[in-house]
Amino acid sequence: MRFGIMAAFMICAAAACSADEDTCGAGALSPLLNQPLDQVEGQLPEQARILPPDSVMTQDFRPDRVNVDLDEDGVIIRLWCG
């Protein structure tokens, strides 16, 4: 029981730390915010995951991957790692 609680705590702590770090370079891509995706696609990393509204995505966490959230018009509204 004690091991399970400690393991859960460590996993949660590690996930929180990773979420706050810019491990994928999303900060450097911030000039792309509020730009249409079709005008900046060549400027995104090859492994970037494009996420239109209501899209389904896998739950795997990859700290080196940039996720690109789009609005209904295909405009970038958020860049984040994971």
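Participant: Break down unusual backbone geometry for me, with residues and values.
Facilitator: Phi angles above zero are rare outside glycine, and asparagine 34 is one such case at about 65 degrees. Along the chain, asparagine 34 falls in the loop between helix H1 (2-20) and helix H2 (37-40). Positive phi, close to 60 degrees, is recorded for aspartate 54, a residue that is not glycine. Secondary-structure assignment places aspartate 54 in the loop between strand E1 (49-51) and strand E2 (66-70). Residue aspartate 54 is classed as exposed on the basis of its relative accessible area, which comes to 81%.

Participant: I'd like to hear about the confidence of the model for the protein chain, residue by residue, with values.
Facilitator: This prediction gives the protein chain a mean pLDDT of 84; 76% of its residues lie at or above 70. Note that pLDDT drops below 50 for residues 1-18; the model gives that stretch one contact with residues more than four away or on any other chain.

Participant: Account for the pairing of strand E3 (residues 76-81), with residues named and values stated.
Facilitator: Relative to E3, E2 runs antiparallel, the two sharing five bridges. Within E3, the residue paired with aspartate 69 across the bridge is arginine 78. Where E2 folds back onto E3 in an antiparallel hairpin, the turn is made up of five residues, including glycine 74, whose phi is positive at roughly 80 degrees.

Participant: Give a detailed account of the side chain of arginine 65, specifying residues and quantitative values.
Facilitator: Along the chain, the position of arginine 65 falls in the loop between E1 and E2. Not counting the four nearest positions on each side in its chain, arginine 65 is found in contact with Cys24, Gln47, Arg49, Asp60, Trp80, Cys81 and Gly82.

How each quantity is defined
- The residue count restarts for each chain, going from 1 along the sequence in the order it is written.
- In keeping with the predicted nature of the model, local features appear solely for residues at pLDDT of at least 70, side-chain atom pairs appear and are counted solely at 80 or more, and the whole-chain, interface and lining totals rest on all residues.
- Note: side-chain values were computed over all heavy atoms of the structure, leaving out hydrogens and water.
- Put simply, DSSP H or I for four residues or longer makes a helix, DSSP E for two residues or longer makes a strand, and each gets a number counted from the N terminus.
- Only protein chains enter the area calculation, which uses a 1.4 Å probe; residues under 20% of their type maximum are buried, those over 50% are exposed, and those in between are partly exposed.
- What pLDDT reports is the predictor's confidence in each residue, on a scale of 0 through 100.
- Contacts between residues were defined by any pair of non-hydrogen atoms, one from each residue, lying within 4.5 Å.
- When DSSP locates at least two bridges between a pair of strands, those strands are taken to pair.

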